[in-house]
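Reading the structure
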Amino acid sequence: MNVPQSQPGSRLDNYVDRYAARTAGMTASEVRALFAVASRPEVVSLAGGMPNINALPLDAVADTVARLVVERGTVALQYGSGQGDETLRGQICEVMRLEGIEAHPDDITVTVGSQQALDLVTRIFIDPGDVILAEAPSYVGALSTFASYQADVVHVGMDEDGLVPEHLENAIAAVRASGRRIKFLYTIPNFHNPMGVCLSPERRGRILEICRAADVLVIEDNPYGLLGFDNEPMRALRADDAEGVVYLGSFSKTFAPGLRVGWAVAPHAVREKLVLAAEASVLSPPVFSQMTVSAYLETQPWRAQIKNYREMYRERRDAMLDALRTYMPEGTTWTNPTGGFFVWVTLPAGLDAKAMLPRAVTARVAYVPGTAFYADGFGASSMRLSFCYPTPERIREGVRRLAGVITQELELRTMFGTPQSQTPPAASPTTLAPGPDLA
Amino acid sequence: MSDLGRVVVLAGGLSHERDVSLRSGRRIADALRAIDVDVEVLDVDGRLLAALTADRPDVVFPALHGSYGEDGAVRDVLELLGIPYVGSRPDASRLTFDKPMAKAALRAAGVRTPDSVTLPQDTFRDLGAGAVLDAIVARLGLPLFVKPARGGSALGASVARTLDELSSAMVGAFAYGDVALVETYLEGTEVAVSVVDTGDGPTALPVVEIVPDTGVYDYTARYTAGMTEFFAPSRLAPEAAQAAVQAALTAHQVLRLRDVSRTDLIVDAEGTPWFLEANVAPGMTETSLLPLAIAAAGLDAGILYRELLHRAAKRG
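Residues numbered from 1 in each chain as written. Chains lettered and ligands numbered in written order. Predicted model: local features only at pLDDT ≥ 70, side-chain atom pairs only at ≥ 80, totals over all residues.

**Structural notes on the overall build of chain A**
Operational definition: Helical segments are the DSSP runs of H or I of at least four residues, strand segments are the runs of E of at least two, and each set is numbered from the N terminus. We take the radius of gyration over the C-alpha atoms and set the globule estimate at 2.2 Å times the residue count to the 0.38 power. Put simply, a residue is buried when 20 or more other C-beta atoms lie within 10 Å of its own C-beta and exposed when 12 or fewer do; between those, it is partly exposed, and each C-beta is set from the backbone. Note on contacts: each residue gets a C-beta atom placed from the backbone, and two residues are in contact if those atoms are within 7 Å.
When you go through chain A residue by residue, the secondary structure sums to 13 helices and 14 strands. Expected size for 439 residues packed as a compact globule is a radius of gyration near 22 Å; at 22 Å, chain A falls within 12% of this value. Taken over the C-alpha atoms alone, chain A extends approximately 65 × 60 × 60 Å along its principal axes. Buried residues in chain A amount to 50% of all 439 residues. Counting contacts in chain A only where the partners sit at least 6 residues apart, residues at least 24 apart contribute 78% of the total.

Take a look at the structure:
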């Protein structure tokens, strides 16, 4: 075998010196590798936030789609408006009325899921180094978007009633004192991802007041608002401040995520820029998806379907909370969501959910470590559990396995102690970009 | 179309290295398809045996990493079914996958390997972690390299430069398995030597030198293109490169490896190779070392894999 002469080193990437600085965190990670196992049916995945669309009336959807193609195919399969289908925008107004929002179809920009709305909002407002205020913890997909635009995320503390107004005031003052500019507050007031809690009605007005006084724009991300288990939908922040709030909505949880239809509601000037940015990005949101949603809303009992979803998710939430009470070792705490998809679990002192994940995968259960939901490396002691997708039986089994893993980890940490020098892992939200299983 | 008949690549499984295995499997299949070998890729799950018996392959290429793949288990099943496969037999796989056992075998054969101790989690519980850690540091010093005794892709592996870091490193390793290998951390040139045998005896491919940007060839450095610089062949002095080749050939023979293997070594300042571990199912992803070595040897990966399949099929 001929051995050639030594050559310059190879990096297996011809463009390694050309990438934009914003790609710095886009690397392979052990956690992502472990999620490849978590997607196997043998593993009870409490990680993914995938809506459970088994409850969808697929026959009716099929009829709707077939009729759409036959009757309006040449429109549905053509390019469309950058702002989105006008009929659908009118229907979106009707959906939002359930949360007290009075909007005009012109105020709406239809997007490729609300994730694209988040991307567009960030694109039009953020220069590298600008500050975004976000809850602590916050949605991993938002943090990934913010990181890709090189924003500095400053987290603001939450409790069981959502964002804490005093913490918000303090954060605004601290950022201002440091000479930096806050571009907006990003908040998920209803059935928060990942904490599962709601911003209490009492705090809603206060948060808006603080932001108005400090001239901070509010981005209200509300994918789960109609999925409350007990009461009527909460009143949206946007319902009480049309100029100071940009509202992001989605059909991913109330209809079907595969259609990728979301929207943004914004004041006129902002909306104009959103549409231009959207056209630069995707020309137009998929017309076929929009018209499918529109036909579904027009011909199907969508309110009843949302009720079905709520009942299904409530049963799963009950199973998870019951299993947590039954199995979790002492020192473990969790939130009590009244809607949405998620429970936020905090582990006994000294445990690290990210370090524990391989052990959990070995035990055939998966979750998302809390660090994914912080831009600053915090959150090691917590994890997000999703109850949306597995059956109640699988949820109970998953929590039982997880409790065993935590007990083993407690034993290990008791043995080795919590090292004095232990520091949070470096922040790298882009390495945990949500992907279909993490959303 | 080749004359190999039905060829199945096994990839995936439920080990922590599932993702790497899927990528290796895809790459092997692509390389074979590029030379018109018809290949099917199958996952290792509850449907595998039914699939293998319903439409029996003529030869299998296991691209499974970690447990199931490298511990001999799936190879045992292939033996039971009488299906020929590329690579080492189950007993050799088990020996090699157990890093402490492999180190002992190489040490007995005269190949240097870092001093080490292998301890199960129970030992720390029964004897007290603090006392055991103190004893480790007293015997081996610092820095130390800690890794699961069985496993790959650097999962659960880390360097400990202080006693405090050693505690964390132990916890990290035990997250992936019940037994940890703690060895002295050697500074030097990190290299990998792949050995292939297509029928003319084990032959070493060019030595691949690994220079990760961060200084640590961890999971991120392994699987993020651009984060590691590779030199193939290495920049080692000819004598040191030859010594590395000889160490890899010795590992291949002593561990009774078959068809293909990869041996990871540290070459110290004197040019002496130190055995770290050997792999019965070397990674074959876009950023893996064996494909780099194959390319550096001027070989076509597909043709080499086809030769290995022919050899396995002939062996029966």
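What follows continues from the structure just given.
**Quick look at the overall build of chain B**
In terms of regular secondary structure, chain B is built from 12 helices and 13 strands. Taking 316 residues into account, the globule formula puts the C-alpha radius of gyration at 20 Å, and chain B, at 19 Å, falls close to it. A separation threshold of at least 6 residues defines the contact pool for chain B, and within that pool the share at least 24 residues apart is 68%.

**Comments concerning the sheet that holds strand S2 (residues 39–42) of chain B**
All names here are of chain B. The cut-off we apply is this: Between any two strands, pairing holds if DSSP finds at least two bridges. Under this scheme, a helix contributes an axis fitted over its contacting stretch, all axes are lines through C-alpha atoms, and angles between N-to-C directions fall in the 0 to 180 degree range.
Reading across the sheet, the 3 strands line up as S2-S1-S3 and stay open at both edges, with parallel pairing between neighbours. Two strands lie at the open edges of the sheet, namely S2 and strand S3 (59–62), each paired on one side alone. Taking the axes of each pair of neighbouring strands and ignoring which way they run, one obtains an average angle of 25° across the sheet. Across 4 bridges, strand S1 (residues 7–10) lies against S3 in parallel orientation. What sits directly across from valine 9, in S3, is phenylalanine 61. Lying over the sheet, helix H1 (residues 18–33) contacts S1, S2 and S3, oriented at roughly 170° with respect to S2.

**Topic: the sheet that holds strand S9 (residues 261–265) of chain A**
All names here are of chain A. Judged by pairing direction, the sheet is mixed, and its 8 strands sit side by side in the order S2-S9-S8-S7-S6-S3-S4-S5 without closing on themselves. Of all strands in the sheet, those bounded by a partner on one side alone are strand S2 (108–112) and strand S5 (162–163). Taken together, the 4 bridges between strand S8 (residues 245–250) and S9 define a ladder with antiparallel strand orientation. Looking across to S9, one finds that glycine 249 is bridged to tryptophan 263. Packed on one face of the sheet, helix H3 (residues 86–97) meets S2, S8 and S9 and runs near 100° to S2.

**Remarks on the interface of chain B and chain A**
For an interface, size is often stated in terms of accessible area lost upon the parts coming together. What counts, and what does not: Here the term charged refers only to Asp, Glu, Lys and Arg, the term nonpolar to Ala, Val, Leu, Ile, Met, Phe, Trp, Tyr, Cys and Pro, and the term polar to all other amino acids, Gly among them.
On the side of chain A, 36 residues touch chain B, which itself brings 41 residues to the contact. At the level of elements, H1, helix H6 (121–127), helix H8 (163–174), helix H9 (219–223) and strand S11 (228–231) of chain B are the ones that each hand at least two residues to the side of chain B that touches chain A. Element by element, the count of residues in the side of chain B that touches chain A is highest for H8 of chain B, at 7 residues. Looking at the side of chain B that touches chain A residue by residue, the classes come out as 22 nonpolar, 12 polar and 7 charged.

**As for the confidence of the model for chain A**
Stated precisely, the cut-off is as follows: Confidence per residue, as judged by the predictor, is encoded in pLDDT with a range of 0 to 100.
In this model, chain A carries a mean pLDDT of 93, and residues with pLDDT of at least 70 account for 93%. Ignoring residues within four places in sequence, the model shows residues 420–431 of chain A, a span with pLDDT below 50, making 29 contacts including any to other chains.

**So, the pairing of S1 of chain B**
Each regular strand displays side chains that alternate between the two surfaces of the sheet. Residues and elements named next belong to chain B. Using the following cut-off: By convention, a crossover is right-handed whenever its connection, traced from the first strand over the helix to the second and viewed with the strands pointing away, goes clockwise.
Alternating positions in S1 separate into two faces, Val7 and Val9 on one and Val8 and Leu10 on the other, with burial throughout. Across 4 bridges, the pairing between S1 and S2 is parallel. Its bridge partner being in S2, valine 7 is matched across the sheet by valine 39. The parallel pair S1 and S2, bridged by H1, forms a crossover whose chirality is right-handed.

**Regarding helix H4 (residues 113–125) of chain A**
Residues and elements named next belong to chain A. The condition that has to hold: For a helix, the expected span equals 1.5 Å multiplied by the number of residues minus one.
If you check H4, its first and last C-alpha atoms are 19 Å apart, about what 13 residues at 1.5 Å a residue would give, namely 18 Å. H4 sits mainly inside the fold: 10 of its 13 residues count as buried. Among the residues of H4, Gly113, Ser114, Gln115, Gln116, Ala117, Leu118, Asp119, Leu120, Val121 and Thr122 are the ones counted as buried.

**A word on the nonpolar core**
Test applied: For this entry, the nonpolar core is defined as buried Ala, Val, Leu, Ile, Met, Phe, Trp, Tyr and Cys residues connected by C-beta atoms within 7 Å.
Judged by nonpolar contacts, the single largest core of 235 residues is most densely connected at Ala264 of chain A together with Ala244 of chain B. Residues within four places of alanine 244 of chain B in sequence aside, it is in contact with Val191, Val193, Val207, Leu236, Leu265, Val267 and Pro273 of chain B.

**Overview of unusual backbone geometry**
All names here are of chain B. Residue proline 143 is reached from leucine 142 by a cis peptide bond, and omega for that bond is -5°. Within the secondary structure, proline 143 sits in the loop between helix H7 (129–140) and strand S5 (144–148). Between alanine 232 and proline 233 the backbone carries a cis peptide bond, its omega angle lying at 5°. Checked against the element boundaries, proline 233 lands in the loop between S11 and helix H10 (238–254). Positive phi values are uncommon outside glycine, yet aspartate 259 reaches one of about 70°. Inspection of the secondary structure puts aspartate 259 in the loop between H10 and strand S12 (260–267).

**Considerations on the confidence of the model for chain B**
Looking at chain B, the pLDDT average stands at 95 and 99% of residues meet or exceed 70. In the predicted assembly, ipTM is 0.90 and pTM is 0.92.

**Digging into the packing of H4 of chain A against helix H5 (residues 140–148) of chain A**
All names here are of chain A. Where we set the bar: Each crossing is labelled by how the near helix is turned from the far one, with a counterclockwise turn of less than a right angle marking it left-handed and a clockwise turn marking it right-handed.
Two elements in contact, H4 and H5, have axes separated by 10 Å at closest approach and are oriented at 30°. Where H4 crosses over H5, the handedness of that crossing is right-handed. From H4, Gln115, Leu118, Asp119 and Thr122 reach across to H5, where they touch Gly141, Ala142, Thr145 and Phe146. Split into classes, the residues belonging to the contact of H4 with H5 amount to 3 nonpolar, 4 polar and 1 charged.

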